[in-house]
Structure formats: C-alpha cells, structure tokens
Amino acid sequence: MRYSVFEHSLPLATSEAPLAEVAAIFDASIARYNVLATISTYRGAKGLVMNFIASDPRFAGKIIRVGHEFDQYFLVHLKNHMDFQPYSSSYRATVLSAVRGVLSYAVVNSFYGYRGFLDVVLDPTFRETAMRSSFSDNEFQQFDKALDDEIAFVESNLMAGYVPSGKGVPPEFIGTRFAPGWSDDEDNLKWWFENKLGCKAFVHSKTMSNAQKKFYFAAKKHGGIRVLFLRWGVILGIDAFVIIPFMFKLVTWTGLNATPAQSLKTNDYIKSHPLTGKPCIYYWKQRGQGDTDLHEGLLTAHLEKVSAETKDVMPLEEKQSSNIEKIWIRVLDITRPIRSELTESEEDYLFIYMPTYGRAAGQVRNLLQPNKCMHDWCRYMVEKYDLRDDRGDLLEINISRLRPSLVSKLMSAGVDISVIQAILGHSDVITTMRYIDKHNFAPKARREIHKCLSNIRKNREDQVRQPKQIAVGKTNDPSIIFTTATALCLDVYNPPARVKKATGWIEGQACTNFNMCLRCSKVVILEEHLPRLLAMRRGYKFSLENGAGATTHRAVLIQNLSVLDGILGENSDFSHSVLSKANQQSRNLEVYVDPFLVRGKYEQV
DNA sequence: TTCTTAGTGTCGTTAAGTAG
DNA sequence: CTACTTAACGACACTAAGAA
C-alpha cells in the first residue's frame, strides 16, 4: 500500500512534475510549524533538496516517487552530497536536521507508504565566520568612537536646523498665480516658507496643500525643494540614518539582540522597577516559549513577568541606565515631530524615522526586519570612518556583534557571570557559560584565576614576613581581627572597589562579602585556614559532580574551584605534610559551599 | 528615463534551546 | 554532558514605485 490516510491531499509525481511527491512531503511537514524563522529554514532545506535531486545523475530523467527513487538512503545521499559542497558545518547540520524531520514526519504519517530511512550522524559544528563574533578591544573602540562621532554629526545637523531669516517680500497675485518675477528671488521663497508654511519641510506628494504646491513649483527654478531645503538648513526628515546610530549606541550598552532592540517601545525603559526600585528595560523576546521567560534563582527579585506576552526584563546597573536614559530621551526628542504622525493603530516603537525620498517618503517607518537601512548604514559607517579589523581589512559591522562585544567588555571588567547572565537574559547560567566558551573568552577567565593566585601568594608572604594589624580600619580598635569563613582580611573596612560595588557593602561597616574573598586583593590565607578551604573544595567538587551546580552557580563554583586547586593542589605553596595534616582536620568540618553568587556591578572599561 | 530607497525571497550561518 | 532541533539573523540580488 503506497498511499497514506492523507492520500487525497497528496499529489503523485508525473513526468510533468517529477518532484511533486518530494515537494508534498516537505510542504506537509512545514505545515506543522508556525514560527516564520523555522518555516523558512525548512523551505531552505526543501530548495536545497530539490536542487540536489535535479542535479544528481542518480535521479536524472526520472520521476521521483517517495519510497522508490526517493528511497530510505536519501538522507545518506544528501549528506554525501553536502560534504562535497562548500557549506559551513552549521548549515549542514541545520539542513540535515530539517530533512530528517521531514522524513520522520513522512514515516509517522506513512506518506506514500514511506516506511523508514537510514539516519545519519551529524558532524560537529564550528564557528566559521565573524558574523556574530565579538569585536576585539581595538575594533570595538574604533567602532564606538566612530559611533560617537556619527551621533555628534547627526546632532549638529539636527541642531543647525532652519533659522527664520525675515527676508523677502510677500507676493503679488495675478489671479491665483504669483506675479511674474517674484519667485525668481530666493529670498521671496523664504518669505513664503516662513510665513505660509510655518518653516516646515515637506516632500512632493499628492496630498500637498495649495501653499505647498505653489512653493513646490516656484522652487523648481531654484533646483527643486530638496536643493533649497538643503541649502537653507531645513531638516527634510528624521530619516533612518539619523536614528540608527542611536540604536547602535543603545545596543553597545545593553547587548540586546537585533529584534528586541528594533521592537523597543517608547515606554519600555522603566526608571524604577515596581519590585526592585531599580531601572530596567522591558524587551520583547520570542525564545523560551513566552511563559517560561521568568528567570529563576537569585535574580528572581529583579525580574517580573510583564504579561502573557513575550516580554522580558533587563535590570540595569547605574552607569548603564544613565547612559541608556540619555539615549532614550534624545531619541524621543528627535522623533517627536514624526511621532505625532503615527496613527492610533500603529505601534509606538522607540526607533522610528521618516524617509525623505523614494517610495515611503513622508511615511513613518520603524526598523523592524526586514529593513535594509541597517545594513546600508553599516556600510556607510565603515567607509566614512574607514574602520578596519585587526587584520587591516574593512571591519564587518552588524548589530549582532555588539552583544558578544558587550560580554567581552563585561568579562574584562571582572563582572560576575550571573550579572552577565541577567543582562543577556539567559534563563540558565549554563547558556551564558556556553556563550562565553563559544566566544573564546576562556583565556580571560584563566588570567583572572592566575591573578587571584599570585595575589594570595603575595599577601601570605607579606603577612608571614611582617604580620600586620588586621582589620583596624575606622574602628581604631586593633583587637578586632576579622576572619571570614576561609581567610583573614587585611582591611575589612576598605575592600577593593569591586567588592565595594557588590551588593551588601555598606560604607563604614565591615565587609560581609565573604564569598568574594578568594578573589579579593585583601585576602590572606595562612596555614590555619587550610582545613576549611579543603572542606570547601570538597563541597564544590561534590556539588559539581552531583549536578547541584549544573543548573545554578556552576561558573562561580568552577572558578573558585580553580583558585582552590591552585592553593591546595599539586603546585601548592604549602608543603605536603602541612596539607595532609590540614586534610585530616578538614574531615571534621562540615562541607561548605557558598550558597551565594559573587555579585559585581557593571563598570565601563 | 534615471535615481533613490523600500520591500521580498532565498541562501547561508550562528545562537539558543531541548531530549535523552 | 552530547546530539540534535528550532529560532534568529545577515547578505544579497532583485523588484517596486515614486521623485527628479
């Protein structure tokens, strides 16, 4: 039996349409999906399969019947074919996965009696282009400076504006026409523009007012309205290139993905979140099926589900929010004139513009995809500012590179992974870690650990050589010695800036951020601390091995564990006998795993 | 007619999530 | 975790259509 229960809706391949059956199983499979991105992925796979069949001698001149010519080895053939094409590893995996999905669906529904297929194992995927990779520090600085320059340029154009001149004289009329000669004087046109058109620019359209029409025709002898407006400093419109730099600037501060940035609404910036009192941004997000967006864990307090819709919340740190606020207010200012043109049914997007030319001239637009302006603007920027990558080639700019660049910046600023996680809007810190791994930030983490260890060693040597009063600080009471769970503190009233910025630090009070000790420059670790540190290490290992750390604080555990390994491991500064004695003592200690994440705050580098 | 700029479809790549 | 699926995003060629 070759046909399925769907028989009535499935066409048969004929000599006129030899691929009809293949197309049909794809179409039926595609119909399962309703997310546009997925549908287009499957359509792409369909196209590729069609081309493959059309070009492969195996199928030449045949009618392709599913289950016969299109047999159980099809996926294997396709993979072999793709292996010889210059496709990226990711694309291979994507296409093969989609085709596998189609075949499985055909099997499940027994389309054309298709019974089964030989599956293939996908190859590992690699990053093969710079498309969405982080800028290097140098590249980022270059771009950021160009961005600032461009914003200044846009601002100066906007600010120049039109200054009413008071020149010219009112026209005489003959009937409804201007008296001959009046419009030859450009100043007279200025008079009309200032007194009859309210100094407002316009573009040619069918809906021009009579006053505008008169001006339009009179302007022709002076080169046309565009030329006049340009010469007079009249802003024709808030076009895409005026508004895009502000969006890019916002993304350098937020790391938003393209679509969420493009779909920000005017009221998505909240100065004081109802729960936390902290500034935040509400942003649209499709991933995570909407109702699973809510972050769990320690950051829950910052985050609130906005509605049943797909919106997420990005908590903002001080510096970040003040920069964002500036951009936000400026964009609202700039777009105010065109915002009033929005009809009630149109969405109140933050980033809107009004093209001054072409098909959409005079209409309010937003930057949601598909929109080519962004791409055009990137090219314009690279050329205008001659931006170069580290190899000296023209820099590849797109908005998606700013996200990993922000992460890179945060990493080198020593911002904790949990904060990065919140900023990126990942529901699981594992995703953040994977992100960081993929982007090759690991060396930075290693440098961090190395720094911690050499600091610890230096402090210990100093302390052993010349013991200091510990924790005198502002109390002036030398009898107070601060011992955290794991170490001594050199100056509990004056920790490094990074610790001061962390949650829980109150000026004038002793530092209680014990969880940051291992990475603090004031830490002193002596022989007496070893048992507790050994217990701590045991706890971390246990936690990691048993999966407890797999979903929550894994990154912090791993990083602290690396530091602990440095202190207690094979290359320890402590002698073998000291360590083994400490090990004995540690058996009686409770396993200690710090339940809190190390908190940092965002700093600009 | 030519110039501009927006809009569309297709191809290709990578990120982000899930199942087991 | 690995292996895989699904979503997101960019480049680009080409088309549309009004303005000059």
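Above this note sits the structure.
The model shown is predicted, which means the values in this text are computed figures rather than measured ones. (Residues numbered from 1 in each chain as written. Chains lettered and ligands numbered in written order. Predicted model: local features only at pLDDT ≥ 70, side-chain atom pairs only at ≥ 80, totals over all residues. Heavy atoms only, no water.)

A. View of the overall build of chain A. Scanning chain A from terminus to terminus reveals 20 helices and nine strands. At a minimum sequence separation of 6, the contacts of chain A that also span at least 24 residues come to 65%. A total accessible area of about 31400 Å² is found for chain A, and carbon and sulfur atoms account for 53% of it. (Helix = DSSP H or I, 4+ residues; strand = E, 2+ residues; numbered from the N terminus. Contact = heavy atoms within 4.5 Å. Areas by Shrake-Rupley, 256 points an atom, 1.4 Å probe, with all protein chains shown as cover.)

B. Region of the structure containing the packing of helix α9 (residues 240-254) against helix α11 (residues 318-339). Between α9 and α11, the shortest axis-to-axis distance is 10 Å and the interhelical angle comes to 165°. If you check the angle between α9 and α11, you find them roughly antiparallel. Read as a crossing pair, α9 and α11 show a hand that is left-handed. For the pair α9 and α11, the contacting residues are Val242, Ile243, Phe246, Lys249, Leu250, Trp253 and Thr254 in the first and Lys319, Gln320, Asn323, Ile324, Ile327, Trp328, Arg330, Val331, Ile334 and Thr335 in the second. Looking at side-chain class alone, the contact of α9 with α11 contains ten nonpolar, four polar and three charged residues. (Axes fitted to C-alpha atoms, helices over the stretch in contact; angles between N-to-C directions. Parallel < 35°, antiparallel > 145°, perpendicular 65-115°, else oblique. Left-handed = near helix turned anticlockwise from the far one by under 90°. Nonpolar A, V, L, I, M, F, W, Y, C, P; charged D, E, K, R; others polar.)

C. Expanded view of the environment of lysine 581. Turning to its location among the elements, lysine 581 is positioned in helix α20 (residues 576-586). Classification of lysine 581 as partly exposed rests on a relative accessible area of 48%. Along the backbone, lysine 581 and leucine 530 are 51 residues apart, and their C-alpha atoms lie at a distance of 9.3 Å. (Buried < 20%, exposed > 50% of the residue type's maximum accessible area, 1.4 Å probe, protein only.)

D. A look at the side chain of lysine 190. Structurally, lysine 190 is set in helix α6 (residues 186-196). Buried within the structure, lysine 190 lacks any salt-bridge partner; its nearest side chain of opposite charge belongs to aspartate 187, at an N-O separation of 4.8 Å. Sequence-distant contacts of lysine 190, that is, excluding residues within four places in its chain, are made with Tyr162, Ser165 and Trp232. (Lys, Arg positive; Asp, Glu negative; His and termini not counted. Salt bridge = Lys/Arg side-chain N within 4 Å of Asp/Glu carboxyl O.)

E. Quick look at the pattern of salt bridges. Here the structure, examined in full by the defined rule, presents 19 salt bridges. In this structure, aspartate 119 engages arginine 100 in a salt bridge whose closest nitrogen and oxygen atoms are separated by 2.9 Å. Separated by 19 residues along the polypeptide, aspartate 119 in the loop between α4 (89-108) and α5 (137-160) and arginine 100 in helix α4 bring together distant segments of the chain. Exposure remark for aspartate 119: the relative accessible area of 41% places this residue in the partly exposed category. Between arginine 336 and aspartate 333 there is a salt bridge, with its nearest N and O atoms 2.9 Å apart. Pair noted here: arginine 336 and aspartate 333 are both in helix α11, with a separation of three residues, about one helical turn.

F. Inspection of the packing of aromatic side chains at higher detail. Taken as a whole and assessed by the stated rule, the structure comprises 20 aromatic pairs. Taken together, a centroid distance of 5.0 Å and an interplanar angle of 80° make the contact between phenylalanine 178 and tryptophan 192 edge-to-face. Taken as a pair, phenylalanine 178 in strand β2 (residues 177-178) and tryptophan 192 in helix α6 lie far apart in primary sequence, 14 residues in all. A relative accessible area of 16% means that phenylalanine 178 is categorised as buried. By relative accessible area, tryptophan 192 is classed as buried at 5%. (Phe/Tyr/Trp six-rings, centres within 6.5 Å; stacked < 30°, edge-to-face > 60°.)

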